[in-house]
Amino acid sequence: MAGASVRSAISVLDQAGPPSAAPTREQSSDWRACLPILAAEDVVLREVQPGDAPALVSLLTTPEITRFLSTPPSDVQGFERFILASQRMRAAGEAACFAVTLRGHDTAVGIFQVRRISPAADAARQIGGAMDAAEWGFAIGSPFWGSGLFVQGARLVMAFAFEQLQVDRLEARAAAKNGRGQRALRKVGAVAEGVLRN
């Protein structure tokens, strides 16, 4: 099919998640009011803020990043709108967006997003009821690839999804040509389930 894009669906099925390196969590009583600060080893995840927009533009709008994202913001104002929308979605209990920072520094070098998904009513009936599932995505600035930040941050986000959002299933999609993204997901226990075409 001409012009079709092929995306590989990868899902993390184990609710317990991968072993953790003793992460610390500053928990709020309700993540909808304010996301907790999550930390492990070299990485700290905190809620993304409008002030992160300039750093995110400089790191996440490069060709090596944007070729695998579906229409990312292209300027500071676009990232500010994205961030404000993610905060509204958090307040509504629909999603969470964390800024990835290095321990001891507050500059965002990437993001992790988690959003609840649910099967259509017909599908839920076929599988015996609604499944609490979430989809997650990530983008880390290329200067930080291979540094271990993704694995550390991913483990924190997975624990947040299973413990705080109380999902049973966490899904991610990576472009079929994004071998680096697929390998990163496999490092944290993701299992390839299939190929989506659109």
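Placed above this text is the structure.
Residues numbered from 1 in each chain as written. Predicted model: local features only at pLDDT ≥ 70, side-chain atom pairs only at ≥ 80, totals over all residues. Heavy atoms only, no water.

**Student:** Any chance you could explain the overall build of the chain here in plain terms?
**Tutor:** Across its full length, the chain carries 6 helices and 9 strands. Taking all 198 residues of the chain together, the buried fraction comes to 42%. Expressed as a percentage of contacts within the chain between residues at least 6 apart in sequence, the contacts between residues at least 24 apart total 70%. Just so you have it, the chain exposes about 10,200 Å², and 52% of that area is on carbon and sulfur atoms. (Helix = DSSP H or I, 4+ residues; strand = E, 2+ residues; numbered from the N terminus. Buried < 20%, exposed > 50% of the residue type's maximum accessible area, 1.4 Å probe, protein only. Contact = heavy atoms within 4.5 Å. Areas by Shrake-Rupley, 256 points an atom, 1.4 Å probe, with all protein chains shown as cover.)

**Student:** Can you walk me through unusual backbone geometry in this structure?
**Tutor:** Glycine aside, residues mostly have negative phi, and peptide bonds are mostly found in the trans state. The residue E41 is not glycine, and still its phi comes out positive at about 50°. Within the secondary structure, E41 is located in the loop between β3 (37-40) and β4 (43-47). The backbone of Q166 sits at a positive phi, close to 55°, despite the residue not being glycine. Position of Q166 relative to the elements: it lies in the loop between α5 (149-163) and β8 (169-175).

**Student:** Whenever I open this one, helix α6 (residues 179-187) confuses me. Can you help?
**Tutor:** Since the α-helix advances by 3.6 residues per turn, residues separated by three or four positions end up pointing in the same direction. Along α6, the residues that are buried comprise G181, Q182, A184 and L185. Viewed along the axis of α6, the buried residues span an arc of 160°, placing them on a single side of the element. Just downstream of α6, G189 is the residue with a positive phi angle, here 100°. (Arc of directions from axis to C-beta.)

**Student:** What should I look at first to understand the packing of helix α1 (residues 53-60) against helix α3 (residues 76-91) in this one?
**Tutor:** For any two helices packed against each other, one specifies the inter-axial angle together with the distance between the axes. At a minimum axis separation of 8 Å, α1 and α3 run at an interaxial angle of 115°. By the angle between their axes, α1 is roughly perpendicular relative to α3. Crossing of α1 against α3: the hand is right-handed. Across from A53, P54, L56, V57 and L60 in α1, the residues of α3 making contact are V76, F79, E80 and I83. In terms of residue class, the contact of α1 with α3 is made up of 8 nonpolar, no polar and 1 charged. (Axes fitted to C-alpha atoms, helices over the stretch in contact; angles between N-to-C directions. Parallel < 35°, antiparallel > 145°, perpendicular 65-115°, else oblique. Left-handed = near helix turned anticlockwise from the far one by under 90°. Nonpolar A, V, L, I, M, F, W, Y, C, P; charged D, E, K, R; others polar.)

**Student:** Whenever I open this one, α1 confuses me. Can you help?
**Tutor:** Most of α1 is tucked away: 6 of the 8 residues are buried. All of the buried residues along α1 are A53, A55, L56, V57, L59 and L60. In the core, the buried residues of α1 are packed alongside α2 (63-66), α3, β6 (110-117) and β7 (133-140).

Function-wise, these values are silent; they only describe arrangement.
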